Structure formats: C-alpha cells, structure tokens
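Reading the structure
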Amino acid sequence: EWRLLNVLLKRYVENIGGIIGIQSLEIDPHGSKPININGKVRMTVRQSGWEIVDGLDLIRTDLEKEGIALDESLCSRPPKTDAVEFGKKIICVIGASLSKQQQ
C-alpha cells in the first residue's frame, strides 16, 4: 500500500515536471519499483520517508541545503508531515539539482 504513494508522486510530476526540471520519470504501473528521475536518480517510498536508491551523490548537497534530513540514503519524513507532500518537496529539489548540473 505504501508503494501506491510512488504513483501519486508520479502524477504530481507529470503535471509540473518540466517546470521543476524533470524531463523523464519512469515508474511501473503498480508503483512497486523505484521512481526513475531523468535516468539519474531513483527513489522510493518507505514508511519513515523517501529512500534515494541511486544517485544520492548527485543531489545530497542540495537536499541538505533544503533542510531535508538524511539518514544514510533515507530522507526522513518529519513527524506529522504528509508523505506525498514531503515527496513533492524532495522531487522539486531533485529536479532543480539535476537542472543546475546540466547547465
């Protein structure tokens, strides 16, 4: 059930992806595999936050600058924070970080 949050986050990105610097986003129809962002970063939902499965080295500094707490590869969700809203924040940081790197 938690993995369905991957699908909700994907729908959000489909609506504003270009605005936040995400050119491609891949996810399987069931949301069970990590979200693949621009072919460089993969993330998936966990009960306590969003895990960066691949590409953390590309975005770590920007996540930390935005105040996103990292426990190894897990972006820990603050208490009483909506999981999808927190995922949106992370996705926006990832998009901006990857766009900055392309320039």
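Our subject in this report is the structure included herewith.

What counts and how
- Residues numbered from 1 in each chain as written.
- Predicted model: local features only at pLDDT ≥ 70, side-chain atom pairs only at ≥ 80, totals over all residues.
- Heavy atoms only, no water.
- Helix = DSSP H or I, 4+ residues; strand = E, 2+ residues; numbered from the N terminus.
- Contact = heavy atoms within 4.5 Å.
- Areas by Shrake-Rupley, 256 points an atom, 1.4 Å probe, with all protein chains shown as cover.
- Pairing = 2+ DSSP bridges.
- Expected span 1.5 Å × (residues − 1).
- Buried < 20%, exposed > 50% of the residue type's maximum accessible area, 1.4 Å probe, protein only.
- Polar contact = N/O pair within 3.5 Å; in protein donor to acceptor, adjacent residues only side chain to side chain.

1. Section: the overall build of the protein
Helix and strand content of the protein: three helices and six strands. Taken from the N to the C terminus, the helices and strands of the protein come in the order α-β-β-β-β-α-β-β-α. Sequence separation of at least 24 residues holds for 51% of the intrachain contacts in the protein that already meet a minimum separation of 6. As presented, the protein carries roughly 5,800 Å² of accessible surface, and 48% of it is formed by carbon and sulfur atoms.

2. Side note on the pairing of strand 4 (residues 49–54)
In this sheet, strand 4 lies alongside strand 3 (residues 41–46) in antiparallel orientation, the contact comprising five bridges. Residue pairing across strands places T44 opposite E51, the latter belonging to strand 4. Hairpin remark: strand 3 followed by strand 4, antiparallel, with two residues in the connecting loop. Alignment of strand 4 against strand 6 (residues 74–76), held across three bridges, turns out to be antiparallel. In the strand pairing of strand 6, G49 is matched with S76.

3. Quick notes on helix 3 (residues 83–102)
Over its 20 residues, helix 3 extends 29 Å from the first C-alpha to the last, a length consistent with the 28 Å expected when each residue adds 1.5 Å. Those residues of helix 3 that sit buried are A83, V84, F86, G87, K88, I90, I91, V93, I94, G95, S97 and L98. If you check the start of helix 3, you find a side-chain oxygen 3.1 Å away from the backbone N of V84, and it comes from D82.

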